[in-house]
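Residue-level structural notes
The primary structure of each chain is shown beneath.
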Amino acid sequence: MQNKPTRHSRQTREPQHTIRIYMTNEEIQILQGLNPAQEAAVRDFQAPSLIVAGAGSGKTRVLTCRIAWMISQGVAPYSIMALTFTNKAAKEMRERITTLVGESRSRYIWMGTFHSVFLRILYNEVDKIGFQPNFTIYDTAQSESLIKSLIKEMQLSDEVYKPRDVHSRISLAKNNLVTYQSYESSAQLMEEDKKRRMPQFYQLYRNYCVRCKQNNAMDFDDLLLQTNILFRDHPEVLAKYRERFPYILVDEYQDTNYAQYLIVRSLAGSPNANICVVGDDAQSIYSFRGAKIENIFRFQRDFPSAHIYKLEQNYRSTQTIVDAANSIIKHNQHRIKKRVFSENSQGERIRVFRAYTEGEEAQMVANGIRAAHIADGGDDWSNIAILYRTNAQSRALEEALRKRDIPYRIFGGHSFYDRKEVKPLFPFGFGLSYTSFEYKNFKVNQIHSAKAKGIELLPILNEQKKIIDEIGYYKAQAITELLYTKGYITFDEYDKLTKINRQTFSPMYADLLPKTLEKSSEQS
């Protein structure tokens, strides 16, 4: 049923700069709660658009409201292609759009990840590039298994040609649209492989692609590579999908690789196409996966008439966090200028600690978590998160958390203690420990008694230098952590004692892990 016009509370401006007083209930609902910058980005859809969305600025809401607004203005849902990076994001966006315009219309939008959307196209057109319609998709495990068998067939060393490394390099080549034929003809790539002591990589790449074709199979990266080949070699197919999808929207544009960029640009066609990309050059973190930050910078060159919208209000973070981020981002040599701000409270100051070892760093983190948990009333550990760059760092952090009986979960990886090579060591007493003799000599009772009597602790703490020389820095610091955790000493006293431990550091501590475990931790 068509919504009846109702009087809007304020005048709004159309993209054509005409004043409109009346809006439907559906339109009011779509625009409700948007700030001026967000509303402008939502309503102006009849031109190329670059939405520069700072962190926490509500970009997902803007993207979904823009699609809903387009539909409310008469755009056919089946003419809209919306590309995301995760299934979760696509599902969330579709649910929001359905809330605004109803399932009867939202169901026809072509929305999903790059790979899922282009898989739909390939299923319809794959016979044109030499595959059967019932082709299969290899996941990472299947691809690496095939590579492993090829390495064996070619009598290559799997220590030099490691299946995971070979698969990563093949993936990188495909995401840059380098076919095995182009790879073989590149003197530069051949030279690089020789330096990497993998001179037969090109043969392995070729054999892998040939075997996939024989098996009527594609891997994950082929979904992008083969779509590009399809559009390149069959312009009539490209023309069909250009006509089918005159409205294209892309999320997280700063994380697109070359293959994704070229597909999007090919589908858009005209420099005046109705294409909208959302992204933030300051949030590009996937260059190691082939993402090209240049894609967002060249958007204005590809589409000279593009309208630029900047979402600068951060709704998620405190002003302190936003100011800290701005102070770092401003040093980027190539960036799209924007001034991110927050109207939230100032927030706590950021604390920076410098540790001498990864063990000490983990201890500082664990102590901070324990203190924050107590200060927060001790209700919920899930309000606290630890971010680290590599999986190898989890070991030290897990040790520190376990000593303090702090529960934790690891996301996107595996616990160090769950690894198959680590589990068998537990029955043999694997782990950091200290004897009751060392604990007693560390003046625990004396410290506890002195606290109860209000006696100055520093003279007692100074005596620890002799103890540290006897048991080593790491065990001394572990006992210091125990004292603090059990409440025998305050944080200031813990800090003093930690400094004493550092000053009298004795490299007596031998790593408990065998070298094989160290190697395993670094590689994971």
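Just so it is clear, the model here is predicted, and its values are computed rather than measured.

It is worth spelling out the overall build of the protein at this point. Along its length, the protein carries 26 helices and 10 strands. Here the protein holds 524 residues, and 44% of them are scored as buried. In the protein, once contacts between residues fewer than 6 apart in sequence are set aside, the share between residues at least 24 apart is 73%.

Now for the sheet that holds strand E5 (residues 110-113). If you trace the 6 strands from one edge of the open sheet to the other, you get E5-E4-E8-E9-E3-E10, paired in parallel fashion. Sheet topology places E5 and strand E10 (307-311) at the edges, where each strand pairs with a single neighbour. Across the sheet, the axes of successive neighbouring strands diverge by a mean angle of 10°, strand direction being ignored. Bridging between strand E4 (residues 80-84) and strand E8 (residues 247-250) involves 4 bridges; their strand directions are parallel. When the bridges of E8 are listed, Ile80 appears paired with Tyr247. Lying over the sheet, helix H2 (residues 36-43) contacts strand E3 (49-53) and E10, oriented at roughly 145° with respect to E10. Docked against the sheet, helix H3 (residues 59-72) engages E3, E4, E5, E8, strand E9 (274-279) and E10, running at close to 170° with respect to E8.

Now for helix H8 (residues 163-175). Taking 1.5 Å of rise per residue, 13 residues should cover 18 Å, and H8 covers 18 Å from first to last C-alpha, within 8% of that figure. Turning to H8, its buried residues number three or more, namely Pro163, Val166, His167, Arg169, Ile170, Ser171, Ala173, Lys174 and Asn175. Positive phi appears at Leu177, one or two residues downstream of H8, with a value of about 60°.

A few words now on the nonpolar core. One finds Met81, Phe118, Phe231 and Leu267 to be the most contacted residues of the largest nonpolar core, which totals 45 residues. Those elements that place two or more of their residues in this core are E3, E4, helix H6 (114-125), helix H12 (222-233), helix H13 (235-244), E8, helix H14 (258-268) and E9. With 7 residues, the top contributor of residues to this core is H14. Residues Ala68, Val75, Ala82 and Met93 belong to the second largest nonpolar core, which totals 33 residues.

Bringing the packing of H6 against H12 into the picture now. Relative orientation of the contacting elements H6 and H12 amounts to 50°, with a least axis distance of 9 Å. If you check the angle between H6 and H12, you find them oblique. As for the relative orientation of H6 and H12, their crossing is left-handed in sense. From H6, Phe114, His115, Phe118, Leu119, Ile121, Leu122 and Glu125 reach across to H12, where they touch Leu223, Leu224, Gln226, Thr227, Leu230 and Phe231. Class assignment of the residues belonging to the contact of H6 with H12 gives a composition of 9 nonpolar, 3 polar and 1 charged.

Conventions adopted
All residue numbers refer to position in the chain's written sequence, counted from 1. In view of the model being predicted, local features appear only for residues whose pLDDT reaches at least 70, and side-chain atom pairs are presented and counted only at 80 or more, with totals across whole chains, interfaces and linings using the full set of residues. Side-chain calculation: all heavy atoms of the structure are included, whereas hydrogens and water are not. What counts as a helix is a DSSP run of H or I of at least four residues, what counts as a strand is a run of E of at least two, and both are numbered from the N terminus. Remark: exposure states derive from per-residue accessible area (1.4 Å probe, protein chains only) relative to the maximum for the residue type, with buried under 20%, exposed over 50%, and partly exposed in between. In what follows, a contact means two residues having at least one pair of non-hydrogen atoms within 4.5 Å. Strand pairing follows a simple DSSP-based rule, namely that at least 2 bridges must link the two strands. Lines are fitted to the C-alpha atoms to define the axes, a helix being fitted only along its stretch in contact, and any angle between axes, read from their N-to-C directions, falls within 0 to 180 degrees. Take the number of residues in a helix, subtract one, and multiply by 1.5 Å to get its expected span. By nonpolar core we mean a set of buried residues, namely Ala, Val, Leu, Ile, Met, Phe, Trp, Tyr and Cys, connected to one another through side-chain atoms within 4.5 Å. Orientation is classified from the angle alone, with under 35 degrees giving roughly parallel, over 145 giving roughly antiparallel, 65 to 115 giving roughly perpendicular, and any other angle giving oblique. If you view the pair so one helix is near and one far, a crossing is left-handed when the near helix is turned anticlockwise from the far one by less than a right angle, and right-handed when it is turned clockwise. In the scheme used here, Gly and all other residues not listed as nonpolar or charged are polar, with Ala, Val, Leu, Ile, Met, Phe, Trp, Tyr, Cys and Pro taken as nonpolar and Asp, Glu, Lys and Arg as charged.

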